[in-house]
Amino acid sequence: MSAGTYTPRPGAAPLGRMIAAQTALETRMLLRNGEQLLLTVIIPTLLLVLFSAVDIVDTGAGEPVDFLTPGILALAVMSTAFTGQAIATGFERRYGVLKRLAASPLPRWALMTAKTLAVLVTEVLQVVLLTVIAFALGWSPHGNPLAVLLLLVLGTAAFSGLGLLMAGTLKAEATLAAANLVFLLLLVGGGVIVPLDKFPDAVQSVLGLLPIAALSDGLREVLQHGASMPWGDLGVLAVWAVLGLGAAARFFRWE
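Report follows, based on the coordinates.

Considering the side chain of T69
Part 1 of the argument: Summarising the element assignment, T69 is placed in helix α3 (residues 64-94).
Part 2 of the argument: A distance of 2.7 Å separates the side chain of T69 from the backbone oxygen of V65, its partner in a polar contact.
Part 3 of the argument: Beyond its immediate chain neighbours, meaning those up to four positions away, T69 contacts L48, A134 and W139.

So this is what it looks like as structure tokens:
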């Protein structure tokens, strides 16, 4: 046996391993939280099934599920990347969890990377679940998968930036109230279930600039109407992503 076999080797683990471990932890915390599951899984699933089966909202020509599924996918992204992340991060900040993690060998940017990766993992599970349910309800999607991927990634970036900005600047209780209120308002006025053309003309142009409206409309253009690349909606999401992530990086307070 060579000398030094049992010699301790103190020091931080490789950065990639630290990010992977933190990502796994963040994902488990997301999936174990009852309120998170309500926002990320139960509510989108119930809305998809209910409004596809019951003729409550006029979704235009075609099957209701073809109109609803892209909007529900957008809602799932918002619920995880914005609402759930804002609430969880806000209370981590209040209880001093972020302050302690910031003092660990894991860099702050790596912690935020792990949180973002956890959001992406959760979203993959959401998309798979909702897609299976939508197919069972008779959904027939069209369009370019690459366009769908770009929309989901940019939507995630936009909502993550806004969620982290809220969590890093407001008190935890205010974040809880504001995030849930924004979720409800965008659910109603973001083109998720109610088509934007049902609103007055003066309001439509404003609502169309919201990230949830751009994501819903872009996914609908691709998956329902077979568009190749919805550049306008991608542009709106890119602007929100840059503004949200930039503001979060600038104003986020760790204590």
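Things to note about the packing of aromatic side chains
Part 1 of the argument: In the structure shown here, the tally under the stated rule is four aromatic pairs.
Part 2 of the argument: Pairing F91 with Y95 gives two aromatic rings, centres 6.1 Å apart and planes at 35 degrees, and the pair type is tilted.
Part 3 of the argument: A cation over a ring is seen here: R220 above F67, with NZ or CZ 3.8 Å from the ring centre.

What about the environment of A214?
Part 1 of the argument: In this fold, A214 is placed in helix α9 (residues 211-223).
Part 2 of the argument: Relative accessible area serves as the criterion here: at 0%, A214 is assigned to the buried category.
Part 3 of the argument: Distance in space between the C-alpha atoms of A214 and R28 is 30 Å, their sequence separation being 186 residues.
Part 4 of the argument: Those residues in contact with A214 that sit more than four places away from it in its chain are G208, D233, V236 and L237.

Section: the nonpolar core
Part 1 of the argument: Counting residues in hydrophobic clusters, the biggest one holds 45 residues, and the most contacted among them are L48, L75, M78, F159, L215 and L219.
Part 2 of the argument: Every element with two or more residues in this core is listed here: α2 (34-53), α3, α5 (108-136), α6 (145-169), α7 (172-189), α9 and α10 (231-251).
Part 3 of the argument: Broken down by element, this core gets its largest block of residues, 14 residues, from α3.
Part 4 of the argument: If near-sequence neighbours (up to four positions away) are discounted, M78 is found in contact with T83, F159, F183, L186 and I212.
Part 5 of the argument: Ranked by size, the runner-up nonpolar core spans 12 residues in total, among them M18, I19, A110 and A248.

Remarks on α3
Each turn of an α-helix holds 3.6 residues, which means side chains three or four residues apart point in the same direction.
Part 1 of the argument: Compared with an ideal rise of 1.5 Å per residue, which puts 31 residues at 45 Å, α3 spans 43 Å between its outermost C-alpha atoms and is within 8% of the ideal.
Part 2 of the argument: Maximum bend of α3: about 35 degrees, positioned at S79.
Part 3 of the argument: Across the 31 residues that make up α3, a large majority, 27, are buried.
Part 4 of the argument: Where α3 terminates, the next one or two residues include G96, which has phi positive at roughly 85 degrees.

Examining the pattern of salt bridges
Should the charged atoms of two oppositely charged side chains come close, the side chains can pair.
Part 1 of the argument: Evaluation of the coordinates by the stated rule reveals three salt bridges.
Part 2 of the argument: E26 is the salt-bridge partner of K115, the closest N and O atoms lying 3.3 Å from each other. With a gap of 89 residues between them, K115 in helix α5 and E26 in helix α1 (residues 15-32) connect regions that are remote in the sequence.
Part 3 of the argument: We classify K115 as buried; its relative accessible area is 4%.
Part 4 of the argument: For K115, the salt bridge identified is with E92, shortest N-O distance 2.6 Å. Of this pair, K115 sits in helix α5 while E92 sits in helix α3; the two residues are 23 residues apart in sequence, bridging distant segments of the chain. The pair K115 / E92 is uniform in exposure class, with both members buried.
Part 5 of the argument: Salt bridges here are not isolated pairs; linked through shared partners, they connect E26, E92 and K115.

Here's the deal with the environment of A114
Part 1 of the argument: Its place among the elements puts A114 in helix α5.
Part 2 of the argument: Sequence separation of A114 and I19 is 95 residues, and the distance between their C-alpha atoms is 5.6 Å.
Part 3 of the argument: With residues near it in sequence (within four places) discarded, A114 still touches I19, Q22, T23 and E26.

Conventions and cut-offs
Residues numbered from 1 in each chain as written. Predicted model: local features only at pLDDT ≥ 70, side-chain atom pairs only at ≥ 80, totals over all residues. Heavy atoms only, no water. Helix = DSSP H or I, 4+ residues; strand = E, 2+ residues; numbered from the N terminus. Polar contact = N/O pair within 3.5 Å; in protein donor to acceptor, adjacent residues only side chain to side chain. Contact = heavy atoms within 4.5 Å. Phe/Tyr/Trp six-rings, centres within 6.5 Å; stacked < 30°, edge-to-face > 60°. Lys NZ or Arg CZ within 6 Å of the ring centre and 35° of its normal. Buried < 20%, exposed > 50% of the residue type's maximum accessible area, 1.4 Å probe, protein only. Core = buried A, V, L, I, M, F, W, Y, C linked by side-chain atoms within 4.5 Å. Expected span 1.5 Å × (residues − 1). Bend = angle between axes of the 7 residues up to and from the residue. Salt bridge = Lys/Arg side-chain N within 4 Å of Asp/Glu carboxyl O.

By themselves, these figures tell us nothing about what the structure is for.
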